[in-house]
Amino acid sequence: NAGVTQTPKFQVLKTGQSMTLQCAQDMNHEYMSWYRQDPGMGLRLIHYSVGAGITDQGEVPNGYNVSRSTTEDFPLRLLSAAPSQTSVYFCASSPLTGGNTEAFFGQGTRLTVV
Amino acid sequence: LAKTTQPISMDSYEGQEVNITCSHNNIATNDYITWYQQFPSQGPRFIIQGYKTKVTNEVASLFIPADRKSSTLSLPRVSLSDTAVYYCLVGDRPQGAQKLVFGQGTRLTINP
């Protein structure tokens, strides 16, 4: 019962480098999203997807790209890493319909940009 | 989306009942209230969701008055493992993963 799996758990990047944070879910959920959490703060929405082939921007999308080619996977790409992107990144998924709509979160990727 | 206000921090002791109140004065007719719990170095975890009156599950109870401008998360007989940050969210149903709006949350510390 994997749920939402994020890789890697930790990453250090140099300014200007690019990388992809991976997110996979095995619950066949339509909704997936990426959040970032800075120290002592709540989570902020970066990008989200309501199904394969459909993505949209959240509150803080600049510097990040996403794509959703399958239901299971929703990778987040950092185009040119900046120190301001140092944060913990969480991926989440949830079903499209239902009663209590619970979002399931991954364990997070702790990213440091130096 | 309705803005929420909750205490920054709370302290309690093992075995006590803890009530965390959230204000959402601008809640809309279609909005639901959801609470999440987050432990250090982990992603948030869904606790409970409700629309009005009272909702109870195996973990907590959620009390929502008739005007719905506030809500109270009640944790019965807390233990040290309930030390976490608790977030109150308000938004259109379904409040799935796509557009959750998190505030700073309430940092709950349970003491022995």
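The structure this text deals with has already been given above.
Everything in this summary refers to the structure shown in the same document. Every value quoted in this text rests on a predicted model; they were computed, and no experiment measured them.

### Some words on the overall build of chain A
Each helix and strand in chain A was counted, giving zero helices and 11 strands. For chain A, the N- to C-terminal ordering of α and β elements is β-β-β-β-β-β-β-β-β-β-β. What you see for chain A is a C-alpha radius of gyration of 13 Å, in line with the 13 Å of a compact globule of 114 residues. When contacts within chain A are restricted to residue pairs at least 6 apart in sequence, those whose partners lie at least 24 apart make up 53%. Surface exposure of chain A reaches about 5300 Å², of which carbon and sulfur atoms provide 50%.

### Concerning the overall build of chain B
Within chain B, the secondary structure is distributed over zero helices and nine strands. For chain B, the succession of helices and strands along the chain, N to C, is β-β-β-β-β-β-β-β-β. For chain B, the spread of C-alpha atoms along the principal axes amounts to about 40 × 30 × 25 Å. In chain B, once contacts between residues fewer than 6 apart in sequence are set aside, the share between residues at least 24 apart is 58%. Surface exposure of chain B reaches about 5500 Å², of which carbon and sulfur atoms provide 48%. Charge separation in chain B, taken as the distance between the mean sites of 10 positive and 8 negative side-chain charges, equals 7 Å.

### Thoughts on the pattern of salt bridges
Residue and element names in this part refer to chain A. One pass over the full model with this rule turns up two salt bridges over all chains. For the salt bridge of arginine 36 with aspartate 38, the shortest nitrogen-to-oxygen distance reads 2.9 Å. Among the ionic pairs, aspartate 38 bridges to arginine 44, the shortest N-O distance being 2.7 Å. With relative accessibility at 18%, the residue aspartate 38 sits in the buried group. It is possible to trace a salt-bridge network through shared partners that takes in Arg36, Asp38 and Arg44.

### Some points on unusual backbone geometry
In this chain, A:Thr7 is followed by A:Pro8 through a cis amide linkage whose omega measures -5 degrees. Tracing the backbone shows A:Pro8 in the loop between strand S1 (4-7) and strand S2 (10-13). At A:Asn28, a position not held by glycine, the phi torsion is positive, near 60 degrees. Its place among the elements puts A:Asn28 in the loop between strand S3 (19-25) and strand S4 (31-37). You will see that B:Arg68, though not glycine, has its phi angle at about 60 degrees, which is positive. Tracing the backbone shows B:Arg68 in the loop between strand S6 (61-64) and strand S7 (70-75). For B:Arg68, a relative accessible area of 9% puts it in the buried group.

The rules behind the values
- Residues numbered from 1 in each chain as written.
- Chains lettered and ligands numbered in written order.
- Predicted model: local features only at pLDDT ≥ 70, side-chain atom pairs only at ≥ 80, totals over all residues.
- Heavy atoms only, no water.
- Helix = DSSP H or I, 4+ residues; strand = E, 2+ residues; numbered from the N terminus.
- Rg over C-alpha atoms; globule rule 2.2 N^0.38 Å.
- Contact = heavy atoms within 4.5 Å.
- Areas by Shrake-Rupley, 256 points an atom, 1.4 Å probe, with all protein chains shown as cover.
- Lys, Arg positive; Asp, Glu negative; His and termini not counted.
- Charge placed at Lys NZ, Arg CZ, Asp CG, Glu CD.
- Salt bridge = Lys/Arg side-chain N within 4 Å of Asp/Glu carboxyl O.
- Buried < 20%, exposed > 50% of the residue type's maximum accessible area, 1.4 Å probe, protein only.

As far as function goes, none of this settles anything; it's purely spatial.
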